[in-house]
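Take a look at the letters that make up each chain.
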Amino acid sequence: TWAYRFAPHLSIQAGVNVQTFILAVGSRREEDSTTTYSPLAQIKLENWNGLDIQAGYRWYTNTSFSNQLTPSFAASYTPFDKITVHASFAEGFQDGFEVADFFDQTSLYYNAGIQLRDIIPKTTIEALYFNSDVEVDRRFIGAADGFAGGFDNVRIQGIELSTTVQVNDKFAISSFYN
């Protein structure tokens, strides 16, 4: 990963993730593998009058199958020392060969929350709403395996509550509910 800071509050990052997977089908020949390349870039605005913004893209490309461009965005605002509101959005993609069921998965995730610090001394309280929509593409196996094919959609959403008490500089106690 490469990073460059333009100004005290503004930076960019770029990089690439490369992975090779050996496929568990047929013989173990060289052509029974696939390689993914995921170049990424993002820009960050940090602590500008209490505002943090991050926006980025990842391009997922595969030597055997899929290509996908996935954006992400996150923002947080701290109007006072003890309160931060935040939200994020991201699209995701996972090639079927990575999850061993040979079905591509796309996802959409977003959340919004608030964090309160030291309202009670040495305590952080956070509430977060989250939503994740996952779509599994099963179209391409229909004829070969006798499956009907199509799409499966899954939605996961809820509220997460957490509390952390900083007992001393080396020990904290946390609790979570979701």
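Our subject is the structure that appears above.
Trainee: Help me understand a nonpolar patch on the surface in this model?
Mentor: There is a patch of nonpolar side chains on the surface, built from Phe73, Phe89, Tyr110, Tyr129, Ile159, Leu161 and Tyr177 and spanning about 670 Å² of accessible area. With respect to the helices, strands and loops of the structure, tyrosine 129 is situated in strand E8 (residues 123–137). Since its relative accessible area comes to 33%, tyrosine 129 is described here as partly exposed.

Trainee: What should I look at first to understand the environment of arginine 155 in this one?
Mentor: Tracing the chain through its elements places arginine 155 in strand E9 (residues 151–168). Remark: the alpha-carbon pair of arginine 155 and serine 132, spanning 23 residues in sequence, is separated by 5.7 Å. Aside from chain neighbours lying at most four places away, what touches arginine 155 is Asn131, Ser132 and Asp133. A distance of 2.6 Å separates the side chain of arginine 155 from the side chain of aspartate 133, its partner in a polar contact.

Trainee: Would you mind going over the packing of aromatic side chains with me for this structure?
Mentor: The way to describe two aromatic rings as a pair is by their centre distance and the angle between their planes. The tally for this structure, following the rule as stated, stands at two aromatic pairs. Seen from their ring centres, tryptophan 2 and tyrosine 4 are 6.3 Å apart, and the 5 degrees between their planes marks the pair as stacked. Owing to a relative accessible area of 47%, tryptophan 2 belongs among the partly exposed residues under this scheme. Residue class for tyrosine 4 comes out partly exposed when judged on its relative accessible area of 44%. Consider the rings of tyrosine 4 and phenylalanine 6, whose centres lie 5.1 Å apart with planes at 85 degrees: the pair is edge-to-face. Ring pairs connect the aromatic residues Trp2, Tyr4 and Phe6, which therefore count as one cluster.

Trainee: Sorry, what's going on with the side chain of serine 76 here?
Mentor: Structurally, serine 76 can be placed in strand E5 (residues 67–80). According to the relative accessible area criterion, serine 76 is buried, its value standing at 18%. When sequence neighbours within four positions are dropped, the list of residues in contact with serine 76 reads Gly50, Leu51, Asp52, Thr84, Val85 and His86.

Trainee: Looking at this model, I keep getting lost on the side chain of serine 38. Mind explaining?
Mentor: Following the sequence through the fold, serine 38 ends up in strand E3 (residues 33–48). Overall, serine 38 belongs to the buried group, its relative accessible area being 5%. Those residues in contact with serine 38 that lie beyond four places of it in its chain are Gly15, Val16, Asn17, Arg58, Trp59 and Tyr60.

The rules we used
Residues numbered from 1 in each chain as written. Predicted model: local features only at pLDDT ≥ 70, side-chain atom pairs only at ≥ 80, totals over all residues. Heavy atoms only, no water. Patch = residues over 30% accessible without salt bridge, like charges linked within 9 Å, V, L, I, M, F, W, Y side chains within 5 Å. Areas by Shrake-Rupley, 256 points an atom, 1.4 Å probe, with all protein chains shown as cover. Salt bridge = Lys/Arg side-chain N within 4 Å of Asp/Glu carboxyl O. Helix = DSSP H or I, 4+ residues; strand = E, 2+ residues; numbered from the N terminus. Buried < 20%, exposed > 50% of the residue type's maximum accessible area, 1.4 Å probe, protein only. Contact = heavy atoms within 4.5 Å. Polar contact = N/O pair within 3.5 Å; in protein donor to acceptor, adjacent residues only side chain to side chain. Phe/Tyr/Trp six-rings, centres within 6.5 Å; stacked < 30°, edge-to-face > 60°.

In short, geometric facts, not functional conclusions.
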